[in-house]
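One-letter residues, chain by chain:
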Amino acid sequence: MTEPTIENRDCLASSEARDAALACVEAGIAAGHPRAVVRDAVSLADDTLRVADATYDLREYDELVVLGGGNAAAHVAAVLETVLGDRIDGGVVVTDDPADTARVAVREGDHPVPSERGVDGTREVLEAADAAGEGTLVLAAITGGGSALMAAPAGGVSLADLQATTDALLESGADIGEINAVRKHLSALKGGRLARRTAPATIAAVILSDVVGNDLSVIASGPLAPDASTFDDALAVLARYEIDAPETVVDRLERGAAGEIAETPGPDDSAFEAVSNHVVADGMTVLEAARDAVVERGYEPLILSSRVRGEAREAATTHVAVAAEIRATGTPLEPPAAILSGGETTVTVRGDGTGGPNQEFATSAALELAEGDENGSEGHVTVAAVDTDGIDGATDAAGALVDGTTVVDPDAAREALAENDVHPYLESRGALVRTGRTGTNLNDLRILIVK
């Protein structure tokens, strides 16, 4: 398996601690790639297909197709082709990270904001779903990023309106569950509607989760999962974050709340009778591999949590405080140590700059380290924060690597945070981590190396 590449690793790895942090990033991303996790979860013995803990006798089906979307969907499809070969009769996935496939069509879309080409590709997914019959076995490749990539605006909502709403939601500080409650009610595919379109086919979904807690209804906006959210919930999100959504969006949500549009299918819907969802990798997959990497280098590991949420800059101060405690008192473990966490932090955008949650986390942590404390943590803590898909926010960086030397002008760092413009600041300090697209998406990975 090809290891992930940090394009500017030589420039970043200027100390043993920095090298260790980057090794964690590499190990975590490699462990979560479909080449690793899908190959372990899916196998074929004679006519019996195994998907996680479920088995399927291929002699019972007339055809086998692959459908889905997300950042890693094409890589999942490529592994499925490796396992099944010409047993696959066709299919289509939508992604922003293409891979070579022989039998499954790969269509490109855009993330994190949907695009016209994503709409076109999703239309092909829906057409294939409509064509599936009772004798069809669908292997669904569902991964993080699917909400934006599988764009299927519902009747009356234009792509431009969906884009404007998505932009506003992403900048509002809303968490992914809230964002997807809105997106599900503006889509012809999300919130279990793909399952309804594909019925009565049998569906086995291979899922890479980028959602804290692995809520199936939230991953890629749950195209194959029952949905408990409502049109009222979607309207409440818009109100809570004071989002001025386009008129067509508000009109659809209000008509749905009034009972004029059918709700997303719930757990009792017959569409899910032949659907099985299998999460084959998540944030803990990444954290466990990163933990093993630091243990090999002699650090005592602490997985703080795989479920960190909230404002990125505030989470950073808490993480640095844990590192300072380790330095000062040896609690909760003695240095040299490594603190690891996953999850999905957010940014409430008030400025007009460029960045992402992991870059804001890193900038805030670097500022804390530069200001230091009585224990001298600024000289002994190194911080890496990346998005495992290689794209933090809407930038060309996965995240950043910082330490106590990164911030030399605290006022400049504070201004960058205030303007949500940390990307150029970190670039000027040589702190950005660039991996390119990684072939997976299992949420954020953060490492603090404590000497």
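Here is a short report on the structure shown in this document.

Conventions we followed
Residues numbered from 1 in each chain as written. Predicted model: local features only at pLDDT ≥ 70, side-chain atom pairs only at ≥ 80, totals over all residues. Heavy atoms only, no water. Buried < 20%, exposed > 50% of the residue type's maximum accessible area, 1.4 Å probe, protein only. Helix = DSSP H or I, 4+ residues; strand = E, 2+ residues; numbered from the N terminus. Pairing = 2+ DSSP bridges. Arc of directions from axis to C-beta. Contact = heavy atoms within 4.5 Å. Polar contact = N/O pair within 3.5 Å; in protein donor to acceptor, adjacent residues only side chain to side chain. Expected span 1.5 Å × (residues − 1). Axes fitted to C-alpha atoms, helices over the stretch in contact; angles between N-to-C directions. Phe/Tyr/Trp six-rings, centres within 6.5 Å; stacked < 30°, edge-to-face > 60°. Lys NZ or Arg CZ within 6 Å of the ring centre and 35° of its normal. 1 Å grid on protein atoms, 1.4 Å probe; cavity = no way out; pocket = protein on both sides within 12 Å on 5 of 7 lines; lining within 4 Å. Points joined across faces, edges and corners; volume = space filled by probe spheres on them. Nonpolar A, V, L, I, M, F, W, Y, C, P; charged D, E, K, R; others polar.

**Remarks on the pairing of strand S2 (residues 48-51)**
Inference 1: Residues Leu49 and Val51 of S2 are buried on one face, while the alternating residues Thr48 and Arg50, pointing to the opposite face, are not.
Inference 2: Alignment of strand S1 (residues 42-45) against S2, held across four bridges, turns out to be antiparallel. Each residue of the ladder has a partner; that of Val42, found in S2, is Val51.
Inference 3: Across four bridges, the pairing between S2 and strand S3 (residues 54-57) is antiparallel. Within S3, the position partnered with Val51 by the bridge is Ala54.
Inference 4: Between S2 and S3, which pair antiparallel and follow one another directly, the connecting turn spans two residues, one of which, Ala52, has a positive phi of 55°.

**Some remarks on helix H10 (residues 231-240)**
Inference 1: All of the buried residues along H10 are Phe231, Ala234, Val237 and Leu238. End-on view of H10: buried residues confined to an arc of 115°, all on one side of the axis.
Inference 2: Its buried side turned inward, H10 meets helix H7 (159-172), helix H8 (176-184), helix H9 (193-198) and helix H11 (247-257).
Inference 3: At the N-terminal boundary of H10, the capping side chain belongs to Thr230, with an oxygen 3.3 Å from the backbone nitrogen of Asp232.

**Concerning helix H14 (residues 357-371)**
Inference 1: Compared with the 21 Å implied by 1.5 Å per residue over 15 residues, the 21 Å span of H14 between its first and last C-alpha is a close match.
Inference 2: Extensive coverage of H14 is indicated by the burial of 12 of its 15 residues.
Inference 3: When we look at burial in H14, the residues that qualify are Pro357, Asn358, Gln359, Glu360, Phe361, Ala362, Thr363, Ser364, Ala365, Ala366, Leu367 and Leu369.
Inference 4: Positive phi appears at Gly372, one or two residues downstream of H14, with a value of about 70°.

**Observations concerning the sheet that holds S3**
Inference 1: On the basis of which strands lie adjacent, the open sheet formed by three strands has the order S1-S2-S3 and antiparallel pairing. Every interior strand has two partners, whereas the edge strands, S1 and S3, have only one. Strand-to-strand, the axes of this sheet are offset by a mean angle of 20°, without reference to chain direction.
Inference 2: Running over the sheet, helix H3 (residues 34-41) touches S1 and S2 and is turned about 45° from S1.
Inference 3: Here helix H4 (residues 73-84) sits on the sheet in contact with S1 and S2, set at roughly 15° to S1.

**As for the packing of aromatic side chains**
Inference 1: Here the structure, examined in full by the defined rule, presents zero aromatic pairs.
Inference 2: Taking NZ or CZ as reference, Arg446 lies 5.5 Å from the ring centre of Phe361, over its face.

**Overview of the layout of surface pockets**
Inference 1: Each pocket or cavity is described by its volume, and for the largest pocket that value is around 940 Å³.
Inference 2: Taken together, 45 residues line the largest pocket, and the ones lying closest to its centre are Pro112, Leu170, Pro357, Gly393 and Ala394.
Inference 3: For the lining of the largest pocket, the class distribution of residues is 16 nonpolar, 17 polar and 12 charged.

**A closer look at the environment of Glu124**
Inference 1: As for its position among the elements, Glu124 is in helix H5 (residues 116-131).
Inference 2: Look at Glu124 and you get partly exposed, because its relative accessible area is 31%.
Inference 3: Separated by 115 residues in the primary sequence, Glu124 and Arg9 place their C-alpha atoms 39 Å from one another.
Inference 4: A polar contact of 2.9 Å, which involves the side chain of Glu124, links it to the side chain of Arg107.

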